[in-house]
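Close look at the chain arrangement
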Amino acid sequence: LQAGLAVGLALSAVFVPGAATPQALAAEGDANYTVVAGDNLTRLGRRFAVPVQSIRAANSLSGDTIYVGQTLVIPNVTIVERAIGAGSFNTLVTAVKVAGLVETLSGAGPFTVFAPTDAAFAKLPRATLNALLANPAQLAAVLTYHVVPGKVMAADVLTMSGKKVKTVNGAELTITVKDGKVALVDATGASVNVVKTDVTASNGVIHVLDGVLLPAN
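A word on the packing of helix α1 (residues 41-48) against helix α3 (residues 79-86)
- Close contact between α1 and α3 brings their axes to 7 Å; oriented N to C, the two are set at 125°. The angle between α1 and α3 falls in the class oblique. Two packed elements cross with a definite hand, and for α1 against α3 that hand is left-handed. For the pair α1 and α3, the contacting residues are G45, R46 and F48 in the first and R82, I84, G85 and A86 in the second.
- Here the residues of the contact of α1 with α3 sort into three nonpolar, two polar and two charged.

Below, the structure is given as structure tokens:
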């Protein structure tokens, strides 16, 4: 269920005295990172929320060996790839696949995704989660309730307290801001906190939630 994410242990960065280290150049939107002692591809994938296979591809790596002092390209990836790479959205990634939304959320967008963590999904009753995973249409309705068209950054959200925003689902969410902290109120009246903001991707932005938003039906 985590295709695209290499979870095996990678070799730590190797130091070779006097050896020239292979370098890569970042494309527009990508970033450069210089390898330090203790780094490996798995750790870098988690740190930058990028699937290991995407780092390999961006740097033409045939394996997992990297070198201290080597410049790696950290590619700017899609929202779906960010979720895979982060390692804390495994339930969300599974749900997106079951609902058939991978292609949509990998498209040009831009999209703003309010992404529940694995811990957030764990707050749902197990029977509720299982029922959603068994019903792709209903699952898609819940997931698209977490997506807003356009790229809405945290600075924008902070100015929108009390306002309603229309989701891709068609239903609305209400934004509340108190003491600089943002929460979303869903159609059931439940409030879910935004716990991390502005995780940018090539096709939008992710804001992280500590709960799952539910539409009325």
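Focus on unusual backbone geometry
- P110 follows G109 through a cis peptide bond whose omega is 0°.
- Its place among the elements puts P110 in the loop between α5 (102-105) and β3 (111-116).
- Unusually for a residue other than glycine, A49 sits at a positive phi of about 55°.
- With respect to the element layout, A49 can be found in the loop between α1 and α2 (52-58).

Here we look at the nonpolar core
- Membership of the largest hydrophobic core comes to 29 residues, with the highest contact counts inside it found for L92, L101, L105 and L143.
- Listed by contribution, the elements that provide at least two residues to this core are α3, α4 (90-98), β3, α7 (126-133), α8 (136-144), β8 (191-201) and β9 (204-209).
- When near neighbours in sequence (up to four residues on either side) are disregarded, L92 contacts A115, P116, D118, F121 and L143.
- Core analysis: the second largest hydrophobic core is formed by 14 residues, F114, L173, V192 and V194 among them.

Criteria and cut-off values
The residue numbers shown here count from 1 along each chain, following its written sequence. Local features are withheld for residues below a pLDDT of 70 in this predicted model, meaning they are given only at 70 or higher, and side-chain atom pairs are given and counted only at 80 or more; totals for whole chains, interfaces and linings count all residues. Think of the side-chain values as coming from all heavy atoms in the structure, minus any hydrogens and water. Axis geometry follows a simple rule: fit a line to the C-alpha atoms, using only the stretch in contact for helices, then measure angles between N-to-C directions, giving values from 0 to 180 degrees. The way it works is that DSSP assigns letters per residue, a run of H or I at least four long becomes a helix, a run of E at least two long becomes a strand, and they are numbered from the N terminus. Note that the term roughly parallel is reserved for angles under 35 degrees, roughly antiparallel for angles over 145, roughly perpendicular for angles of 65 to 115, and oblique for everything else. A clockwise turn of the near helix away from the far one marks a right-handed crossing, whereas an anticlockwise turn of less than a right angle marks a left-handed crossing. Residue contacts are counted whenever heavy atoms from the two residues lie within 4.5 Å of one another. Polar here means any residue outside two lists: the nonpolar Ala, Val, Leu, Ile, Met, Phe, Trp, Tyr, Cys and Pro, and the charged Asp, Glu, Lys and Arg; Gly therefore counts as polar. As used in this record, nonpolar core signifies buried Ala, Val, Leu, Ile, Met, Phe, Trp, Tyr and Cys residues forming a set joined through side-chain atoms within 4.5 Å. The rule is simple: take the accessible area with a 1.4 Å probe, protein chains only, and divide by the maximum for that residue type; under 20% is buried, over 50% is exposed, in between is partly exposed.

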